[in-house]
Amino acid sequence: MAESTPELVVITGMSGAGRTEAMRTFEDMGYFCIDNLPPSLLKSLVTSESIPTDKEGGRRLAVVCDARNKNYLRELTHELARLQEAGIDYRIIFLDAIDSVILGRYKASRRRHPLNIDGRATITQSINQERELLHDLRLRADCIIDTSSLRPIELRRRVADLFAEGTRKQGMEVVVYSFGFKHAPASDADIVIDVRFLPNPYYDPQMRHLTGLDGTVRDFVLGRPETKAFLEKWEALLECVMPGYVAEGKSQLCIAVGCTGGQHRSVALAEATGAFLKESGYSVHVSHRDLPRVGADASRSGEAGQ
């Protein structure tokens, strides 16, 4: 993993070697990405106040620069020198593959090589021309990744290992939210857990209008023997599956915890699930989809009783 996160990453290399897949990986890591940016705009882009900041308040940019002609690469070299003079930290990542693999990828995709503008050159001739154009830039690269034998997911892992801040598990954003089945299903979740089998605080008049965020409800739900037995197995399941999602390069995982109304049991257990995952080193955000309905529903019930 890189010792520090650069302000700018220049993604370049051979066409067909995985530049687009690399750019998508940087997008998932929170970088602001631009494809085929003219070199003359590099410095103004880095210093622009219109570029959005990440959650830490910093700005991380990734741009894809490909080979167009010698003038293009000469201009890119000049602009990179200007960035260095200005003290702007950047890295060059060069994606490469052997000619036979690139040739095979182009034949499989049936796409025209970007250097073969007029259609007069063969794919092999275009590959040779591009390799010659990129020779000097390859020598300047901070990181060269040969994708000849890499699957897309393996390339994503390699890029994440080199440029992701913190551990790979911290690079996967985990969203845990509670919901009520009676309102709507959790259609956007990767994992849905139904906790309606647990005793419902709703039937206790003292807890009916409280939520799982209140200590009384939380202690009732989490203190039950049924809940303790469930949490032991639920946390064991998470310990089993979470590393697999990280290994597969998943950038976001949504876990939904549901009860009847999304007010008591699911709220308390979503909070407990989020706390467990945070303690395990994951980046977690906990929310409660249907809690805003609680006040509205209570208000309607009061009006009906008047």
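That block above? That's the structure.
Residues numbered from 1 in each chain as written. Predicted model: local features only at pLDDT ≥ 70, side-chain atom pairs only at ≥ 80, totals over all residues. Heavy atoms only, no water.

Undergrad: Honestly, the packing of helix α4 (residues 99-109) against helix α5 (residues 123-133) in this entry has me stumped. Any pointers?
TA: Each pair of packed helices can be summarised by the angle the axes make with each other and by the distance between the axes. In the contact formed by α4 and α5, the axes pass within 10 Å of each other and the chain directions differ by 130 degrees. Between α4 and α5, the crossing angle belongs to the class labelled oblique. Where α4 crosses over α5, the handedness of that crossing is right-handed. Residues D99, I102, L103, Y106 and K107 of α4 form the contact with α5, whose participating residues are I123, T124, I127, N128 and R131. Grouping the constituent residues of the contact of α4 with α5 by class yields five nonpolar, two polar and three charged. (Axes fitted to C-alpha atoms, helices over the stretch in contact; angles between N-to-C directions. Helix = DSSP H or I, 4+ residues; strand = E, 2+ residues; numbered from the N terminus. Parallel < 35°, antiparallel > 145°, perpendicular 65-115°, else oblique. Left-handed = near helix turned anticlockwise from the far one by under 90°. Contact = heavy atoms within 4.5 Å. Nonpolar A, V, L, I, M, F, W, Y, C, P; charged D, E, K, R; others polar.)

Undergrad: I tried to follow the pairing of strand β8 (residues 252-259) on my own but got confused; where do I start?
TA: Working note: regular strand, side chains alternate between the two faces of the sheet. For β8, the tally of buried residues reaches seven of eight residues, placing the bulk of the element in the interior. Here strand β7 (residues 191-194) runs beside β8; their pairing, made up of four bridges, is parallel. Within β8, the residue paired with D194 across the bridge is G258. (Buried < 20%, exposed > 50% of the residue type's maximum accessible area, 1.4 Å probe, protein only. Pairing = 2+ DSSP bridges.)

Undergrad: Teacher, can you tell me more about helix α1 (residues 19-28) here?
TA: Residues lying three or four places apart along an α-helix face the same way, a consequence of the helix completing one turn every 3.6 residues. If you check which residues of α1 are buried, you get R19, E21, A22, M23, T25 and F26. Residues of α1 that are buried sit in contact with β1 (8-13), β2 (32-35), β3 (61-64), β4 (90-96), α5 and α7 (152-163). Backbone geometry just after α1 places G30 at a positive phi near 95 degrees.

Undergrad: Sorry, what's going on with unusual backbone geometry here?
TA: Negative phi characterises most residues that are not glycine, and trans characterises most peptide bonds. One non-glycine residue, N36, adopts positive backbone phi at about 55 degrees. Mapped onto the secondary structure, N36 falls in the loop between β2 and α2 (42-47). Of the residues examined, N36 reaches a relative accessible area of 32% and is grouped as partly exposed.

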